[in-house]
Amino acid sequence: MILCLLGMTATGKTTIGSAIARLLKCQFIDLDERIERKVDMSVRSFYAKCGRQEFQKKECDVLKDVMVQRKECDDATCCVISVGGGLIENQGAIEFLSCMCTGEVQNFRLFFLDVPSKILWNRLLKKAKNQNTFPAFLKHKLIASEASSVSNSSKKIEICRLYRTRFLALYRRRMLLFRNLQGNICISKIKCKGKNVKQIAKLVINKL
């Protein structure tokens, strides 16, 4: 059994995936961590340095590597895999997962963790304040140029507003992609609002 978790950035895929793996007493794999080992730098740094296209190519390659390793593994226990928030926009990776769903890998299940945009934005904003920067996937030249035109006293507020607008547009696009996927691949939606990590983990397990 291979469980794969998708969802927007900040849905808690790594935390929930780890909890599922503990309950099932099996291996947990964070795809972003595997990418970082491969490129010898953080996912954020690699994305910022090499751009979206190169990152998606590497993301797809590492996903395939992980799946091949699992197929060749003699261990009969299950495995939980958490993928990056942007993978749903990675056409090559989604096509590969579609192949997994059609029977290339037995007992393969795909789950989408559904968290409302307001909760996700508040989590991203809190993280941005702690790290003094927003994620690379939200950055855009237009934001920098517009933010440079406002006064110093309101600059931070204006930058935050522009990032929020960009995030909401991204959220709507990815949710639309998810809805389009539902009719084509074996993906189950898990509603996470109002539930703690253990409750969400058990919801996933109950759907196996």
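Residues numbered from 1 in each chain as written. Predicted model: local features only at pLDDT ≥ 70, side-chain atom pairs only at ≥ 80, totals over all residues. Heavy atoms only, no water.

Visitor: Where do I start with the nonpolar core in this structure?
Guide: It is characteristic of soluble globular proteins that their nonpolar side chains tend to be buried jointly. Formed by 64 residues in total, the largest nonpolar core has its most connected members in L6, L63, M67, L87, L97, L138 and F167. Among all residues touching F167, those that are not within four sequence positions of it are M8, S117, L120, W121, L124 and L138. (Core = buried A, V, L, I, M, F, W, Y, C linked by side-chain atoms within 4.5 Å. Buried < 20%, exposed > 50% of the residue type's maximum accessible area, 1.4 Å probe, protein only. Contact = heavy atoms within 4.5 Å.)

Visitor: Could you clarify how one ought to interpret the packing of helix α1 (residues 13-24) against helix α8 (residues 197-206) in this entry?
Guide: Axes are the key here: two packed helices are described by the angle between their axes and the distance separating the axes. Orientation of α1 relative to α8, taken along the N-to-C sense of each, is 65°, at an axis distance of 9 Å. Note on packing geometry: the crossing formed by α1 with α8 is right-handed. Only V197, I200, A201, K202, V204 and I205 of α8 make contact with α1, whose side of the interface consists of T15, I16, A19, I20, L23 and L24. Of the residues contributing to the contact of α1 with α8, the split by class is ten nonpolar, one polar and one charged. (Axes fitted to C-alpha atoms, helices over the stretch in contact; angles between N-to-C directions. Helix = DSSP H or I, 4+ residues; strand = E, 2+ residues; numbered from the N terminus. Left-handed = near helix turned anticlockwise from the far one by under 90°. Nonpolar A, V, L, I, M, F, W, Y, C, P; charged D, E, K, R; others polar.)

Visitor: Hey, could you run me through the side chain of T11 in this one?
Guide: Here T11 lies in the loop between β1 (2-7) and α1. Side-chain polar atoms of T11 contact the backbone oxygen of M8, separated by 2.9 Å. Apart from residues no more than four positions distant in its own chain, T11 is found in contact with I16, L113, V115, L120 and R123. (Polar contact = N/O pair within 3.5 Å; in protein donor to acceptor, adjacent residues only side chain to side chain.)

Visitor: Which parts of the structure should I look at to understand the packing of aromatic side chains?
Guide: Applying the stated rule across the entire model yields five aromatic pairs. Aromatic pair F112 and F178: ring centres 4.0 Å apart, planes at 15°, arrangement stacked. One end of the pair, F112, is in strand β4 (residues 108-114); the other, F178, is in helix α7 (residues 152-182), with 66 residues separating them in the sequence. Assigned by exposure class, F112 and F178 land together as buried. Judged by centre distance (6.3 Å) and plane angle (40°), the ring pair of F167 and Y171 falls under tilted. With F167 and Y171 both in helix α7, this residue pair falls four residues apart, about one helical turn. Taken together, F46, Y47 and F55 form an aromatic cluster joined through their ring pairs. (Phe/Tyr/Trp six-rings, centres within 6.5 Å; stacked < 30°, edge-to-face > 60°.)

These results come straight from atomic positions and should not be treated as a statement about function.
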